[in-house]
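Structural overview for review
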Amino acid sequence: MRRAHVKAWVVGLIALAVSVIVFIVPFWFILLTASKSASEAADLSLALPTQWQLFRNVVAVLGTGQGMVIRAFINSTTLTICSVALMVVIAAAAGYVLQRRQSRWNLLINFMVLAGLIVPPAVVPTIWVMQSIGIFKTMIGMIMIEVTFGLSFCILLFRAFVGTIPRELDEAAIVDGAGPLRLFFVVILPLLRPVMITVVVVQAVAVFNDFTGPLYFLPGFGNETVQLTLYNFQSQTLNQWNLLFSDILLITIPPLVMYIFFNRQIVAGMISGAVKG
Amino acid sequence: MSSAPTVVAGAPVVNRRRRRWSRDRAYPTWFYLPAALLFVVLFAVPTFASFYFSLTRWTLFNTEFIGLDNFVMFFQEPNLVKGFTNTFIYGFLTSASKVVIGLLLGLLLTGRVVGRGFLRAVIFFPVLVSTIGVGLTFKVLMDPFHGLINGSLAVLGITGPGWLTDPKYALLSVAAVDVWKGLGIATLIYIAGIVSIPQEYFEAARVDGASWWQNFWHITLPLVRPATTTVILLSLIGGLRSFDLIWAMTNGGPGFTSDVIASVIYKQYQAGFYGLSTAGNVVLFVVVALIIIPLNYFFLRREVDR
Amino acid sequence: MKRRFVCAALPTVALAAGLGMAGCSVGEVTGGSDGGGSKGQVTIRLLVPVSGEGQTGVEEEMIAAFTKIHPNVKINLETQPGGTDGDNLTKTKLATGEMPEVFLYNTGSLLQALNPEQNLVDLSSEDWAGKITDSFKATVTTTKGGVYGAPIGTTSAGGVLYNKKVYADLGLKVPTTWDEYRANNEKIKAAGKTAIIQTFGSDWTAQLFVLADFGNVMAQDPDWAAQYTLNKRKYAEQPGLQGWLNQEQTAKDGFYNKDAASAVYDDGLKMLASGDGVTWPMLSSAVAGIAQNYPDAVNDIGMFPLPAQKAENTRMTMWMSNAFYIPKTATGDKLEAAKQFVAFANSEQGCQIQNEKSTATGPYSISTCQLPADAAPVLKDIQTWQDDGKAIPACEFLSPVKGPGMPNITVEVGRGIKTGMQGAQLYDQDVKKQAQQLGLPGW
């Protein structure tokens, strides 16, 4: 048994060393560079800053372009909260009925859900449709786009999970006289809480980190999201690496917070959804 | 509880219909409505419209029907063809890497290893971080003269190449970062798959005196197949459609050497060639569908056999 | 049961709150709405593409001076990214009728892509319209005539910026033929300095070998541009091919800086100012960057045109000024205010502001504006060529045909990935898309 024990330690230490170099060093680099002055940051090395000015850099970043970064955070937050809230409710409703109600349409619906996952959005025709309705370059339009393209993943996960809720509960509620809305919102939805957390966290991170979507569908002054400002930042802060990396750090904070709080649920949810297919 | 109606002549018909009717009342179809509405308007309509618009010259102001000229142009230009081949290379390379390395890491992190929890957390975190952020960070790290990677190699006496500036390596370097970022999910799925293998199999094998390799080849690998399937499908779809990382790191450069279909489409959109860009979208859609749908079917059949 | 209901209600509440927030776009929340005014107050918007911080000094100063004279007009300054991203935004804004009342944009072929007759106001009846130079007029007009833009800023030249001090130290004379240029570069290389600066990290800079050779092409074939528009000339044939071949040769000769593949525009400025890099095929607008970052070096920089194979064909290629345009969606009071502002920009006071707040990079395009007395030596070099009648507008100002792929293709030639001939052929194919998109005859 000792040999196995030693092996566990040796392999573990090697794995730790490799993981530190491969996975931790880049983040350490981001943190270090974000804390340096502009001239020190230009060296792009792992040397420790002579003076930790992380706070000053962050303030400078928030102040550039007349508060452009702050505006971007507001935009991104609005977009994320609204899309995820809408997505969860709509997808839960659809996944729930998909699982419970057997009909000929199910084959078509399943195919469409799969298509939503695979098919890349046709950009210009989508813009054309949005323009005709008058929602192009509006926050509402962007929210609808995010919801539409996030639906497939959510429906899949919800459908799988609803399958684990015994129908007896439904029947009991129906016998009690519950109508469809009450059945869904009062009986089913609370039971979906574990997968709902997974869906919310995963999709929130996805929408927050979405670059291409707002790039195409929400252009325009005042509409920038954090990913877009980060991308534009590299030309605006030429050779001011400390500011660029401060921005990267700022943008990494919301997902980091999500991760720290919901790590276990994300893992559990993804596992149940993925392996069950 | 099965709900497949059994065709039995006679009595139960009335009861069955009433039961189904009341059951269906509890699961109204209008629950689909919001999803269906969004889906049709913002997904189905544009996708079908794209088939039409790809056959036109489109300036957003007016359209001119030109038949298959866009597609001819698409496949004639060497840069666009290069984008095509790059897309395949990128998609299959990243997918294969994630499958192999993901499986290895999954095995490692379900075995007896010190610091397992920490390792799992560390590997998964890049998945959550902004793609643009990762792209810009690695672009800086990979700078041939000032970047940390070549700096560290120099300490060991090796002159690092221009990771993103050498046409031979640009696409591969971006693919490497893509794998770095996406490995966490693959590993996670594999861990789930490995953990769900019933221990009885391993016990039986131990009684038979099986070696580690035999365990792996005859028990783990086959039983982990659902996880492998999922990883292959997800990573391939993502890899073939990848845009963000490539755009942030190389813009398709140097020149056109790391262009993929998605970045080609965007460049044409930027230039205002909306018809051509939409044709590119159609090509991408066809490519992804032609690869994924048969693959999906193939996996489904294999699974049914089990 | 109650707890369950609350749990279910939470997402709905979040949803409602979110929708409420989404209803007002951030733009409105942070101000900047342009309500039409009360008491004769007019508010118009001015759109300027920028590629970095602090590039709106001229416009801000002009707005301040203008509102002093016209206190009933309020002007809101808006910015958007420049470059190809910005081009797209501009086109979309025009298409959707959301273009601000005055916007700044390029002239020449980029203007043609905006469809001026359909979208822009014809300003030929304005006072200043009679005072613009002929070459500028050609860049803001269409086949049906009319003047659609008012100049803002100076012209600039495209040629070879060089460090005069190093040239003097090494005893080199300004080359007038390509072979002389090559010989000079050999000597510079032997002296251990970089003969030709290249900055492929900013891919647009690679185009200069071809674009700045255009004047030489026109000297050999004065009808080239007109015929090119009709698809009767190709870059893959002489005289257009030479620029591509020359670029290929400089790459093969090993004249570039070691880090050319990843260097960016700012690195180029630094090299030229310090003398580590001795020549740089570039626009004279780089002088503005040097004046800002390395003011002591400004007097060391000179310019000569990209030499042709024969001295008699060497010409300085000129880039025309940008212009202010007014979209047709501006009407009534706003149109009047917009016209007044545009006229002000070209008045004596407006010109003074331009001289003060921006660095001149070439002669002005309107007779009311004169270069300041303390203009950089580069400008004097350019002026000489112009005075001799040997300055020709660049291709994009004489022909609407320009392909979007030129930066990438020239980078490939400069990096040795493609030969000069291959690059020229690729580009000929690339412009076909643009020409067809514009609906030009003969393509």
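Since the structure is predicted, the reported quantities are computational estimates derived from the model, not experimental observations.

Residues and elements named next belong to chain B. Residue-level pLDDT values for chain B average 82, and 89% of them are 70 or greater. Taken as a whole, residues 1-12 scores under 50 in pLDDT and shows 5 contacts with residues more than four places along the chain or in a different chain. The ipTM value of the predicted complex is 0.81, and its pTM value is 0.79.

Attention shifts here to the interface of chain B and chain A. With 81 residues of chain B in contact, the opposing surface of chain A contributes 92 residues. Interface area for chain B against chain A, summed over the two sides, is near 8,000 Å², with a carbon-plus-sulfur share of 77%. In this assembly, chain B and chain A are joined by 0 salt bridges. On inspection of chain B and its partner chain A, the count reaches 13 residue pairs in polar contact (both at pLDDT 80 or more). With 13 residues, helix H2 (residues 33-53) of chain B is the largest single contributor of residues to the side of chain B that touches chain A. Here the side of chain B that touches chain A is composed, by residue class, of 58 nonpolar, 15 polar and 8 charged.

This part takes up the side chain of Asp247 of chain A. Residue and element names in this part refer to chain A. Locating Asp247 in the fold gives a position in helix H12 (residues 241-276). One buried charged residue, Asp247, remains without a salt bridge, the closest side chain of opposite sign being Arg71 at 12 Å. With near-sequence residues (within four places) excluded, Asp247 lies in contact with Val61, Val69, Thr229, Leu230 and Phe233.

Here the focus is the pattern of salt bridges. All names here are of chain C. For the structure on display, the rule yields 15 salt bridges over all chains. Among the salt bridges present, the one from Asp381 reaches Lys164, with a minimum N-O distance of 3.8 Å. Of this pair, Asp381 sits in helix H18 (residues 377-387) while Lys164 sits in helix H8 (residues 164-169), and the two are 217 residues apart along the sequence. Take Lys164: its relative accessible area is 27%, and that puts it in the partly exposed class. A salt bridge links Arg233 to Asp221, with the nearest nitrogen and oxygen atoms 2.9 Å apart. You can see Arg233 sitting in the loop between helix H12 (224-229) and helix H13 (241-253) and its partner Asp221 sitting in the loop between helix H11 (214-220) and H12, a full 12 residues away along the chain. In this structure Arg233 comes out as partly exposed when scored by relative accessible area, which is 24%. Using a relative accessible area of 15% as the deciding quantity, one classes Asp221 as buried.

What counts and how
- Residues numbered from 1 in each chain as written.
- Chains lettered and ligands numbered in written order.
- Predicted model: local features only at pLDDT ≥ 70, side-chain atom pairs only at ≥ 80, totals over all residues.
- Heavy atoms only, no water.
- pLDDT = per-residue confidence, 0-100.
- Contact = heavy atoms within 4.5 Å.
- Buried area = accessible area lost by both parts, 1.4 Å probe.
- Salt bridge = Lys/Arg side-chain N within 4 Å of Asp/Glu carboxyl O.
- Polar contact = N/O pair within 3.5 Å; in protein donor to acceptor, adjacent residues only side chain to side chain.
- Helix = DSSP H or I, 4+ residues; strand = E, 2+ residues; numbered from the N terminus.
- Nonpolar A, V, L, I, M, F, W, Y, C, P; charged D, E, K, R; others polar.
- Buried < 20%, exposed > 50% of the residue type's maximum accessible area, 1.4 Å probe, protein only.
- Lys, Arg positive; Asp, Glu negative; His and termini not counted.

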